[in-house]
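# Geometric and topological summary
Letter by letter, the chains look like this.
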Amino acid sequence: AQTVTQSQPEMSVQEAETVTLSCTYDTSESDYYLFWYKQPPSRQMILVIRQEAYKQQNATENRFSVNFQKAAKSFSLKISDSQLGDAAMYFCAYRSPGNQFYFGTGTSLTVIP
Amino acid sequence: DAGITQSPRHKVTETGTPVTLRCHQTENHRYMYWYRQDPGHGLRLIHYSYGVKDTDKGEVSDGYSVSRSKTEDFLLTLESATSSQTSVYFCAIKEDRSNQPQHFGDGTRLSIL
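The text that follows walks through the structure, step by step, so that each part is easy to find. None of these values were measured; they are calculated from a predicted model. (Residues numbered from 1 in each chain as written. Chains lettered and ligands numbered in written order. Predicted model: local features only at pLDDT ≥ 70, side-chain atom pairs only at ≥ 80, totals over all residues. Heavy atoms only, no water.)

### Observations regarding the overall build of chain B
A count of helices and strands for chain B gives zero helices and eleven strands. Reading the secondary structure of chain B in the N-to-C direction produces β-β-β-β-β-β-β-β-β-β-β. At 13 Å, chain B has a C-alpha radius of gyration in line with the 13 Å of a compact globule built from 113 residues. C-alpha atoms of chain B, sized along the principal axes, occupy 40 × 30 × 25 Å. Counting only residues that meet the buried cut, chain B has 50% of its 113 residues in that class. (Helix = DSSP H or I, 4+ residues; strand = E, 2+ residues; numbered from the N terminus. Rg over C-alpha atoms; globule rule 2.2 N^0.38 Å. Buried < 20%, exposed > 50% of the residue type's maximum accessible area, 1.4 Å probe, protein only.)

Here is the structure:
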């Protein structure tokens, strides 16, 4: 089975600052997708950003960007200009070519006013 | 928002009783998934479906069965519930295009006493 590791159970950031959440994964595949999901206290799972493994360019979505290092199997999420609404649990996910998804254990992000 | 409805949203039951959770979609997506979410474990795949009557096991399938007799419905059954199956259960759907993410339902909180 594939594994996804998020080594930071908890992180905190000052409002308006930048924070980076780490994710590593293990796979022998070359064609796959990676995702970051956000889960606020409401429990909803919200897609933040996605990355196709065949694309070298790092994905960006407004204040959210990734640092995708395919050889190192690393997929970190950078949140710029952090806002109070960014406080949530963040999950990294790997999608296999067979459309199975594997999730990390999550990082709880606190935003300090 | 993706049209996914999970029912019930909350359920409390006793050990040894059968339990069925329902996931209903209005998107006509091919793929449907059941996950459980537990503290320290993130989301773990129980079963998934890639079409009507086509299902496969995930990493934590023991004690669970599924059925998909219609595109729109994916049922998760606990034949004889145990306290270790107390969890929050999420359904997710995904369309066939390879670059698409999963979209999640709002979750079902299941407590087994």
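### A closer look at the packing of aromatic side chains
Counted by the stated rule, this structure contains 20 aromatic pairs over all chains. Ring centres of A:F103 and B:Y35 lie 5.4 Å apart, and the angle between their planes is 85°; this geometry places the pair in the edge-to-face category. Here the residue A:F103 occupies a position in strand β11 (residues 101-103), and B:Y35 occupies one in strand β4 (residues 31-38), the pair thus bridging two chains. Here A:F103 and B:F104 contribute two aromatic rings whose centre-to-centre distance is 6.0 Å and whose plane-to-plane angle is 75°, an arrangement assigned as edge-to-face. Taken together, the residues span two chains, with A:F103 in strand β11 and B:F104 in strand β10 (residues 103-104). For the residue pair A:F103 and B:F104, the accessibility class agrees, reading buried in each case. These aromatic residues form a ring-pair network of at least three members: A:F35, A:Y37, A:F101, A:F103, B:Y31, B:Y33, B:Y35, B:Y48, B:Y50, B:F90 and B:F104. (Phe/Tyr/Trp six-rings, centres within 6.5 Å; stacked < 30°, edge-to-face > 60°.)

### Describing the interface of chain A and chain B
On the side of chain B, 25 residues touch chain A, which itself brings 19 residues to the contact. Across the chain A to chain B interface the summed buried area is about 1,900 Å²; carbon plus sulfur atoms make up 50%. Considering only the side of chain A, the residues that lose the most area to chain B are A:R43, A:N99 and A:F101, jointly responsible for 33% of the buried surface there. For the pair chain A and chain B, the number of links is zero salt bridges. Run the count over chain A and chain B and you get eight residue pairs in polar contact (both at pLDDT 80 or more). (Contact = heavy atoms within 4.5 Å. Buried area = accessible area lost by both parts, 1.4 Å probe. Salt bridge = Lys/Arg side-chain N within 4 Å of Asp/Glu carboxyl O. Polar contact = N/O pair within 3.5 Å; in protein donor to acceptor, adjacent residues only side chain to side chain.)

### Overview of the nonpolar core
Ranked by internal contacts, the top residues of the largest apolar core, which has 26 residues, are A:Y25, A:W36, A:F75, A:L77 and A:Y90. Secondary-structure elements contributing two or more residues to this core are β3 (19-21), β5 (33-39), β6 (46-52), β8 (64-69), β9 (74-79), β10 (88-95) and β12 (107-112) of chain A. Within the second largest apolar cluster, 19 residues are counted, among which are B:V19, B:M32, B:Y64 and B:I93. (Core = buried A, V, L, I, M, F, W, Y, C linked by side-chain atoms within 4.5 Å.)

### Things to note about the pairing of strand β9 (residues 87-94) of chain B
All names here are of chain B. Counting buried positions along β9 yields eight of eight residues, so the element is predominantly enclosed. Of the two faces of β9, the one lined by S87, Y89, C91 and I93 and the one lined by V88, F90, A92 and K94 are each fully buried. The sheet contact formed by β4 and β9 spans seven bridges and is antiparallel. Considered in β9, the bridge of M32 is made with I93. (Pairing = 2+ DSSP bridges.)

### Focus on the state of the cysteines
All names here are of chain A. What the rule picks out here adds up to two disulfides over all chains. Disulfide partner of C23: C92, at an S-S distance of 2.0 Å. Judged by the sign of its S-S torsion, about -70°, the bond between C23 and C92 is left-handed. Note that C23 is positioned in the loop between β3 and β4 (24-26) and C92 in strand β10, a separation of 69 residues in sequence. (Disulfide = S-S within 2.5 Å.)

### Re the layout of surface pockets
As a volume, the largest pocket reaches approximately 380 Å³. Along the wall of the largest pocket there are 19 residues; nearest its centre are A:Q39, A:M89, B:Q37, B:D38 and B:P39. Only β10 of chain A together with β4 and β9 of chain B provide two or more residues apiece to the lining of the largest pocket. At three residues, β10(A) tops the list of elements feeding residues into the lining of the largest pocket. (1 Å grid on protein atoms, 1.4 Å probe; cavity = no way out; pocket = protein on both sides within 12 Å on 5 of 7 lines; lining within 4 Å. Points joined across faces, edges and corners; volume = space filled by probe spheres on them.)

### Overview of the side chain of B:H47
Residues and elements named next belong to chain B. Relative to the assigned elements, H47 resides in strand β5 (residues 42-51). Polar contacts involving the side chain of H47 include one to the main-chain carbonyl oxygen of Y64, which spans 3.1 Å. If near-sequence neighbours (up to four positions away) are discounted, H47 is found in contact with Y33, W34, D56, K57, G58, S61, Y64, S65, V66 and F74.

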